[in-house]
Amino acid sequence: MGPPRWSHLWASAQEIIDQGLAITTSFMKHEDPKSGYGGDWAVRVAVAEKKRHKEGEQIKTPRQVSLFFYIADEAGSSLKISGGNGKFAAGTANEVGGWELHVKNQETSSASFVGLRCKHTHNLTQLVWQVLEKQARTQGRIELPNAAEKSSNFAAIQVTGVAPLSFDVVFVSGTEKHTVEASERVKNLSGVNLTKRLTEREEMFEKRFQSTFHLQDKVKGEREVEVGRVALSNLLGSIGYFYGQSLIAIPPEYQDSETKDGDVWKYWPAALYTAVPSRSFFPRGFLWDEGFHQLLVSRWDRKMSKEIIAHWFDLLNIDGWIPREQILGDEARSKVPDAFVKQHTSNANPPALFMAIHKLATAFEIEKSLGLPNEEDRVFFERLYPRLEAWFRWFNTSQTGKETSSYYWHGRNAQTKRELNPTTLMSGLDDYPRASHPTDDERHLDLRCWMALAAQSLAKLASIVDAPNEVYVATAAQLTDLDLLNKLHYDAGSGRYLDYGLHTEKVELQRKNFVDPQTGFMQTEVERVVLKPPELGWVPHYGYNSLFPLLMGLLPLDSPMFANQMELLRNETNLWTTFGLRSLATTSSLYMKHNTEHDAPYWRGPVWMNINYLVLSALDHCSKVDGQHSSKCSETYSQLRAHLIRNVVKRYHESGYLWEQYDNANKGKGKGSHPFTGWTSLILLIMSDSY
Ligand code: 6A9
């Protein structure tokens, strides 16, 4: 018996508030035996005046509104466009066969359309605007012209009326074989039938939400449950299917080579099914974020999670490298400044997907021990395994340090004069302070702990797929060896786990005046000044990085180090706040410091949900192990959990958003990008005590 299949039941709804209007789109998928690949689907678009709750504010008189719906064939095949209420457009596509798109609008509304021939599909809104502008100029009406260009591969329909207003769009495929039944299928997916189906799905979602997360027994009340629902549905709603080619910076050793064509390499055209951290600000996949997303997604739908993980591992190149940020296709690229587009083959990003894979593997083992081995999962692991080995090997060869069993994030900029502390974007902790002077003497604690997780996961998977596991068992033993960890990363003087490298605390940004050689004018520039030469030694910044031995389960509970780590993180001058654990101790010289004139502190103080989740996970674990620490762990667990929930729930109800981070002072206000429903959605797992 496998996990339940939900993919044939997909439905989703979202509400967008825009200029006092509530626009609701409800999507529903339906697999009819007669439909082509992927099934039929329907969308209901409804718009209503948003009621104002504040007293004294009146509901404005209902306005005339226009809604637009587009369809485009990206392969460029032309569409048959008929306009009107009924079959709106039709065509054929390799994947789905013949298809028809029907629009059903109310009698009180009117519809108009346009068909265009276009090469690109990332600028469609602009094209429609141009058509409307022309109509306004020449016809005095903001209405599509009811005309189609020759071989149009793009069609837009405009539905106009007075709010409240709604229309249904139904897509049916496989119609070349089943022409007669198409209208029956459309009827089944529109009007009252669609209403009924959508209501059923909403009820199913709620039931399943309750039986999966049990929030009713875990949190105070509906205010909290509502945030859990928002977290889950927005993370799921952010899952998208992307297609395109990443742009790769040409590695220095190939700069003069024959294979060079322009100043970038293109990765192969690839598909990626992934969740995204923020639909409005970063609507694209990020490697380590996905490891956290899948902790939640896999609890909701194991099959879907495996599909997403599989897509990511199909992006692995021959060296075992996966690009960190996935900017696939013109539309995705149009959201990213050029300077940030190129991916560097020497740069890593935490192998956080191992967390999700490790969980799946543990679930598999448990089911197997109960006599219910999941064959689908086993096949999945078997296909995944060689890719994981290659990934591990890439890290284990390209990211190693000078000392045996040490690692560092390669690719920091040692030349920059602009940054107070050169960033380490590859670590995911961006501006978290590291050695002031990047060199190959560096040892990065977090990376070494990630490697321990990776080796342990591989050892586990090897035994599941019956592959030789000796190497991974041995590597895991080495990476979890406390003496070795302590030798490389433990500062006995302060009792803290730290990075090691060429470092000085005495650096500052200074404003300098200079004469611009080109213009002859006086200019100012902010530059880093080193006031005392760096020395090799511990890098004394205590914060999230220092927690990694605890987070990855590397500290035996009976070690003297364990108790001390608990004391350190609970100290309010270090990380403890009533909004969760802050990223950097207030005692760090770089606490809340700008990194350049314009780069505000990011991982230098604010509270981030992903690391807080890992801390809770570690505390949950140690609170369940009988022994001297269990009561301390469970007390710390409850307090930290309560702080995080209280603040996120409060900020959600106040602002309407989940946020990228939360202020570690200033009342814990939301900070950074919003809506951010990537790893912040882990608040749901925190509410449901699921680790
Ligand atoms: C580039 C900026 C005008 C930063 O959530 C995604 C990532 C995390 O992986 C990472 O750990 N975020 C964190 O430190 C957001 C990255 C956004 C990149 C945007 C363009 C220019 O915008």
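That block above? That's the structure.
Residues numbered from 1 in each chain as written. Predicted model: local features only at pLDDT ≥ 70, side-chain atom pairs only at ≥ 80, totals over all residues. Heavy atoms only, no water.

1. Some details on the site of the ligand
Taken together, 14 residues form the shell around the ligand, and within it Trp288, Asp289, Gly428, Asp430 and Trp603 come nearest. Here an oxygen atom of the ligand sits 2.9 Å away from a polar atom, N or O, in the side chain of Trp288. Contact distances for the ligand include 2.6 Å between an oxygen atom and a backbone N or O atom of Gly428. Looking at the shell around the ligand, its residues break down into ten nonpolar, one polar and three charged. (Near = heavy atom within 4 Å. Polar contact = N/O pair within 3.5 Å; in protein donor to acceptor, adjacent residues only side chain to side chain. Nonpolar A, V, L, I, M, F, W, Y, C, P; charged D, E, K, R; others polar.)

2. Looking at the environment of Ala147
Secondary-structure assignment places Ala147 in strand β9 (residues 147-148). A residue is classified by how much of its surface remains accessible, and Ala147, at 36% relative accessible area, is partly exposed. Taking the C-alpha atoms as reference points, Ala147 and Phe113, 34 residues apart in sequence, are found 6.8 Å from one another. Discounting residues that sit within four places of it in the chain, Ala147 has contacts with Phe113, Val114 and Gly115. (Helix = DSSP H or I, 4+ residues; strand = E, 2+ residues; numbered from the N terminus. Buried < 20%, exposed > 50% of the residue type's maximum accessible area, 1.4 Å probe, protein only. Contact = heavy atoms within 4.5 Å.)

3. Points about the nonpolar core
In terms of nonpolar packing, the biggest core is built from 140 residues, with Phe292, Trp391, Trp450 and Ile683 touching the most fellow members. Counting residues per element, this core draws most heavily on helix α10 (residues 445-464), at 14 residues. Excluding anything up to four places from it in sequence, Phe292 contacts Ala352, Met355, Trp450, Asn610, Leu614, Trp679 and Leu682. Counting residues in each nonpolar core, the second largest holds 26 residues, with Val47, Ala89, Val103 and Ala155 among its members. (Core = buried A, V, L, I, M, F, W, Y, C linked by side-chain atoms within 4.5 Å.)

4. Quick look at the state of the cysteines
Taken as a whole, this structure holds one disulfide when the rule is applied. There is a disulfide in this structure between Cys622 and Cys633, and the S-S distance comes to 2.2 Å. Every disulfide takes its handedness from the sign of the S-S torsion; for Cys622 and Cys633 that torsion is -115 degrees, giving left-handed. Remark: Cys633 occurs in helix α16 (residues 630-655) and Cys622 occurs in helix α15 (residues 609-623); sequence separation between them is eleven residues. No disulfide involves Cys449; its sulfur sits 16 Å from the nearest other cysteine sulfur, which is in Cys622. For Cys449, a relative accessible area of 0% puts it in the buried group. (Disulfide = S-S within 2.5 Å.)

5. Quick look at helix α11 (residues 470-480)
The periodicity of an α-helix, 3.6 residues per turn, causes residues three or four places apart in sequence to face the same way. Taken together, the buried positions of α11 are Tyr472, Thr475, Ala476 and Leu479. Down the axis of α11, the smallest arc covering the buried residues is 100 degrees, so these residues share one side. Where α11 is buried, its residues touch α9 (375-398) and α10. (Arc of directions from axis to C-beta.)

6. Brief notes about unusual backbone geometry
With omega at 0 degrees, the peptide bond leading from Ala163 into Pro164 counts as cis. Tracing the chain through its elements places Pro164 in the loop between β10 (154-162) and β11 (165-173). Residue Pro675 follows His674 across a cis peptide bond; omega there is 0 degrees. Residue position: Pro675 is located in the loop between β27 (670-671) and α17 (683-687).

7. Some remarks on a positive patch on the surface
Taken together, the side chains of Lys220, Arg223, Arg646, Lys650, Lys667 and Lys669 define a basic patch exposed on the protein surface. Within the secondary structure layout, Lys667 lies in the loop between β26 (661-662) and β27. (Patch = residues over 30% accessible without salt bridge, like charges linked within 9 Å, V, L, I, M, F, W, Y side chains within 5 Å. Areas by Shrake-Rupley, 256 points an atom, 1.4 Å probe, with all protein chains shown as cover. Salt bridge = Lys/Arg side-chain N within 4 Å of Asp/Glu carboxyl O. Lys, Arg positive; Asp, Glu negative; His and termini not counted. Charge placed at Lys NZ, Arg CZ, Asp CG, Glu CD.)

8. Here we look at the packing of aromatic side chains
Under the defined criterion, the tally for this structure stands at 38 aromatic pairs. Judged by centre distance (6.5 Å) and plane angle (75 degrees), the ring pair of Phe88 and Phe113 falls under edge-to-face. Linking Phe88 in strand β6 (residues 86-93) with Phe113 in strand β8 (residues 110-116), this pair joins segments that are 25 residues apart in sequence. Using a relative accessible area of 0% as the deciding quantity, one classes Phe88 as buried. Note on Phe113: relative accessible area 12%, which makes it buried. Geometrically, the ring pair formed by Phe380 and Phe381 is tilted, given 5.6 Å between the ring centres and 55 degrees between the ring planes. A residue is classified by how much of its surface remains accessible, and Phe380, at 12% relative accessible area, is buried. Following the ring pairs from residue to residue traces out a cluster consisting of Phe282, Phe286, Trp288, Phe292, Trp450, Tyr544, Phe548, Tyr602, Trp603, Trp608, Phe676 and Trp679. Positioned over the ring face of Phe380 is Lys306, at 5.8 Å from the centre of the ring. One Lys or Arg, Arg496, reaches over the ring of Tyr542 and ends 4.9 Å from the middle of that ring. (Phe/Tyr/Trp six-rings, centres within 6.5 Å; stacked < 30°, edge-to-face > 60°. Lys NZ or Arg CZ within 6 Å of the ring centre and 35° of its normal.)

9. Focus: the pattern of salt bridges
Taken as a whole, this structure holds 36 salt bridges when the rule is applied. For Glu367, the salt bridge is made with Arg302, and the minimal N-O distance between the two is 2.5 Å. With Glu367 in helix α8 (residues 353-369) and Arg302 in helix α6 (residues 302-313), this pair connects stretches of sequence that are 65 residues apart. For Arg302, a relative accessible area of 16% translates into the label buried. The salt bridge involving Glu442 is made with Arg412; its shortest N-O contact spans 2.9 Å. Taken as a pair, Glu442 in the loop between α9 and α10 and Arg412 in the loop between α9 and α10 lie far apart in primary sequence, 30 residues in all. Each of Arg302, Lys306, Glu367, Glu376 and Asp377 takes part in a single network of salt bridges with overlapping partners.

10. Quick look at the sheet that holds β6
One open sheet holds the seven strands; their spatial order is β1-β2-β3-β11-β7-β6-β5, and the pairing between them is antiparallel. For this open sheet the edge positions go to β1 (11-18) and β5 (80-81), each flanked by a neighbour on one side alone. By the bridge criterion, seven bridges tie strand β3 (residues 40-49) to β11 in an arrangement that is antiparallel. When the sheet's bridge partners are listed, Trp41 is paired in β11 with Phe171. Against the sheet, helix α3 (residues 191-213) engages β1, β2 (21-30), β3 and β11, with an angle of about 85 degrees to β2. (Pairing = 2+ DSSP bridges. Axes fitted to C-alpha atoms, helices over the stretch in contact; angles between N-to-C directions.)

11. Considerations on the packing of α6 against α8
Between α6 and α8, whose axes approach to 11 Å, the crossing angle comes to 135 degrees. By the angle class used here, α6 and α8 are oblique. The two elements α6 and α8 meet at a crossing, and its hand is left-handed. Across from Arg302, Lys306, Ile309, Trp312 and Phe313 in α6, the residues of α8 making contact are Leu353, Ala356, Ile357, Leu360, Ala363 and Glu367. Counted by class, the contact of α6 with α8 contains eight nonpolar, no polar and three charged residues. (Parallel < 35°, antiparallel > 145°, perpendicular 65-115°, else oblique. Left-handed = near helix turned anticlockwise from the far one by under 90°.)

It is worth stressing that arrangement in space is one thing and function is another; only the former is reported here.
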